[in-house]
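# Overview (structure and organization)
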Amino acid sequence: MPNVLLGYAGVIVAAFGFGSNFLVIKKWSPGDGVFFQLNLCLGIWMVGLVYHIAIGAPPIQPMAMIGGALWCTGNIVVPVIIECIGLGLGLLIWGTANMIIGWMSAHFGILGVTKQTVSKMQMNVIGFIIAVVSILVYSQVKPMGDEETKQRKKARKYAVAVNDTEQEIQGMLDSDAEKEADGKLTAGMSMTMRRIIGILLALIAGCLFGSCFNPAQGVSDYSSKHYCSYIDPVSLTGELAGKAKDDCNHIQVNCYNLTNYKIPDLGAFCRGLSKEGPSMYCVWDSEEGKCDGIPIEHMAFSQFCGIMLASFTYYCIYNFYKQGIKGENPFVNIPLIGPGFVSGIIWAFAQIGWFYANQNLEMSVAFPIITTAPGIIATMWGIFLYDEVSLKTLNIVTLIGAIITAAVADALITLSR
């Protein structure tokens, strides 16, 4: 039986984790992002390993690893997105695109996911349409321009350096600007070009992020539909009534003894199950008294293995290109190692929370909240700590409108459950 409280706890952990995990690297330039991503993924994989052992080390699911590779492919462009439009606006855009892909997968039953129904379909669809509108509003929010950023930093320098001359303060500003530009891919680009590139990359990344759960959800749906749903306790009476739990939890071992269930061709059923191997299993739900498919949260480490493998592959290709073809040294920022690893740890906890949210609230409910709330949180960090968003009146009004639009979409989709 779904645990709604556990599901919403997962939502809270995911929202704050995804909205804050990049804060720890803001002081260091990630450059082209490849070295940073490798350290990030190491942190993710280490948390996943501990979690995997803690839940009993269920079998690795190769299909779920594909989801990890999809996520890693989208994440590799995140440093460029942050350079172009900032963390807050980037998260808002890729989070909303992420939500749309997740919602469509669950609503229409596409991309490997079984169709999920909600009690108030019309409200759910209206919420989705409003979420699409919120992307258009987000795209009108402007990051802080170079001149505005310079003026705000200058004001801060004056506030803390009351004994310094104008020339000394200008020197400090120029020095800070040189440090920030070091290693950046977008150095020299116009604000308009950076904005266009940032929005396009955020949309692409969001689509990849929105697909990363589909393989794991597909494995869970497949195991339930083709194997676990046949272990129906209603088929058993008398002395056999308590046998369903054991048959469910040991379906591979007990397969040829499942003669009391309504399985059309037991031989073909067992041959198919044997061909699937030990990675195909079922789990008994004691509260609802039924046999469920593979829990999606069992596949978190499988996804993390796909993330680590893809990241290492990209890093090898990157090094070959930089050293073997261009004859240049890869971008490596040693002080970024620790913060990158910590960022991965925070992200891993958030992703595990999302797995539990999907399991207990369903994707059509969990996705809208988790994919938009982190963007709002990150935007607040960006405004108050990092001067990422222009503070001109019209821009702030647009940003507030975008956040309200996304919040309304979230509320409608959540209530439609």
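Bear in mind that the values here come from a model prediction, so they are computed numbers and not experimental data.

What counts, and where the lines are drawn
- Residues numbered from 1 in each chain as written.
- Predicted model: local features only at pLDDT ≥ 70, side-chain atom pairs only at ≥ 80, totals over all residues.
- Heavy atoms only, no water.
- Helix = DSSP H or I, 4+ residues; strand = E, 2+ residues; numbered from the N terminus.
- Buried < 20%, exposed > 50% of the residue type's maximum accessible area, 1.4 Å probe, protein only.
- Contact = heavy atoms within 4.5 Å.
- Areas by Shrake-Rupley, 256 points an atom, 1.4 Å probe, with all protein chains shown as cover.
- Core = buried A, V, L, I, M, F, W, Y, C linked by side-chain atoms within 4.5 Å.
- pLDDT = per-residue confidence, 0-100.
- Expected span 1.5 Å × (residues − 1).
- 1 Å grid on protein atoms, 1.4 Å probe; cavity = no way out; pocket = protein on both sides within 12 Å on 5 of 7 lines; lining within 4 Å.
- Points joined across faces, edges and corners; volume = space filled by probe spheres on them.
- Nonpolar A, V, L, I, M, F, W, Y, C, P; charged D, E, K, R; others polar.
- Axes fitted to C-alpha atoms, helices over the stretch in contact; angles between N-to-C directions.
- Left-handed = near helix turned anticlockwise from the far one by under 90°.
- Salt bridge = Lys/Arg side-chain N within 4 Å of Asp/Glu carboxyl O.
- Disulfide = S-S within 2.5 Å.

### A few points about the overall build of the chain
- The number of helices and strands found in the chain is 17 helices and two strands.
- The 417 residues of the chain split such that 52% are buried.
- Pairs at least 24 residues apart make up 81% of the contacts formed inside the chain by residues separated by at least 6 positions.
- Carbon and sulfur atoms form 66% of the exposed surface of the chain, whose accessible area is close to 19,000 Å².

### Quick word on the nonpolar core
- Counting residues in hydrophobic clusters, the biggest one holds 94 residues, and the most contacted among them are Trp71, Trp94 and Phe269.
- Those residues in contact with Trp71, other than ones at most four positions away along the chain, are Leu40, Cys41, Ile44, Phe209, Cys212, Ile307 and Trp347.
- Ranked by size, the runner-up nonpolar core spans nine residues in total, among them Ala97, Phe128, Ile135 and Ile413.

### Here's the deal with the confidence of the model for the chain
- Per-residue confidence for the chain gives a mean pLDDT of 81; residues scoring 70 or more make up 84%.
- Note that residues 156-163 has pLDDT below 50 and, in this model, nine contacts with residues that lie over four places away or in other chains.
- A low-confidence stretch, residues 172-183 (pLDDT under 50), is modelled with 14 contacts involving residues beyond four sequence positions or located in other chains.

### Describing helix H17 (residues 393-415)
- For H17, with 23 residues, the first-to-last C-alpha span of 33 Å sits near the 33 Å given by 1.5 Å per residue.
- Listed as buried for H17 are Asn395, Thr398, Leu399, Ala402, Ile403, Thr405, Ala406, Ala409, Asp410, Ile413 and Thr414.

### Re the side chain of Ser20
- One can find Ser20 in helix H1 (residues 4-20).
- By relative accessible area, Ser20 is classed as buried at 17%.

### Comments concerning empty space enclosed by the protein
- Evaluated as defined, the whole model comprises one cavity of 30 Å³ or more.
- Its boundaries defined by the atoms lining it, the largest cavity holds a volume of some 210 Å³.
- Considering the residues around the largest cavity, the lining is formed by 19 residues, among which Phe18, Trp94, Asn98, Phe209 and Trp347 are closest to the centre.
- Of all the elements in the fold, those that place two or more residues in the lining of the largest cavity are helix H3 (62-75), helix H5 (87-108), helix H15 (337-361) and helix H16 (363-385).
- The dominant element in the lining of the largest cavity, judged by the number of residues it contributes, is H5, at four residues.
- Taken together, the residues of the lining of the largest cavity break down into 13 nonpolar, six polar and no charged.

### Topic: the packing of helix H4 (residues 78-85) against helix H9 (residues 191-211)
- For the pair H4 and H9, the least separation of the axes is 8 Å and the interaxial angle reads 145 degrees. Regarding H4 and H9, the two cross each other, and that crossing is left-handed. Contact residues: Val78, Val80, Ile81, Glu83, Cys84 and Ile85 in H4; Arg194, Arg195, Ile197, Gly198, Ile199, Leu201, Ala202, Ala205 and Phe209 in H9.
- Taken together, the residues of the contact of H4 with H9 sort by class into eleven nonpolar, one polar and three charged.

### Quick notes on unusual backbone geometry
- Here the phi dihedral of Ala57 falls at roughly 50 degrees; this positive angle occurs in a residue that is not glycine.
- Residue position: Ala57 is located in the loop between helix H2 (34-54) and H3.
- Classification of Ala57 by relative accessible area gives partly exposed; the value is 44%.

### A word on the pattern of salt bridges
- Counting across every chain of the model gives four salt bridges.
- Between Lys326 and Glu328 there is a salt bridge; the shortest N-O distance is 3.9 Å.
- The network of salt bridges with shared partners includes Lys322, Lys326 and Glu328.

### Let's talk about the environment of Pro233
- Structurally, the position occupied by Pro233 is in the loop between helix H10 (214-226) and helix H11 (244-249).
- A relative accessible area of 23% means that Pro233 is categorised as partly exposed.

### What to know about the environment of Met191
- Mapped onto the elements of the fold, Met191 is located in helix H9.
- For Met191 and Cys84, which are 107 residues apart along the polypeptide, the C-alpha to C-alpha distance reads 8.0 Å.

### Observations concerning the state of the cysteines
- A complete count under the given rule lists three disulfides for this structure.
- Between Cys228 and Cys282 runs a disulfide, and the two sulfur atoms are separated by 2.1 Å. Classification of the bridge connecting Cys228 and Cys282 rests on its S-S torsion, roughly -90 degrees, and on that basis the disulfide is left-handed. Of this pair, Cys228 sits in the loop between H10 and H11 while Cys282 sits in the loop between helix H13 (266-276) and strand S1 (283-285); the two residues are 54 residues apart in sequence, bridging distant segments of the chain. Each member of the pair, Cys228 as well as Cys282, carries the same accessibility label: buried.
- The side chain of Cys255 participates in a disulfide bridge whose partner is Cys270; the two sulfur atoms lie 2.0 Å from each other. Here the S-S torsion is close to -100 degrees, and the disulfide linking Cys255 with Cys270 is therefore left-handed. Placement of the pair is Cys255 in the loop between helix H12 (251-254) and H13 and Cys270 in helix H13, with a sequence separation of 15 residues.
- Taking relative accessible area as the criterion, Cys255 reaches 3% and is therefore assigned buried.

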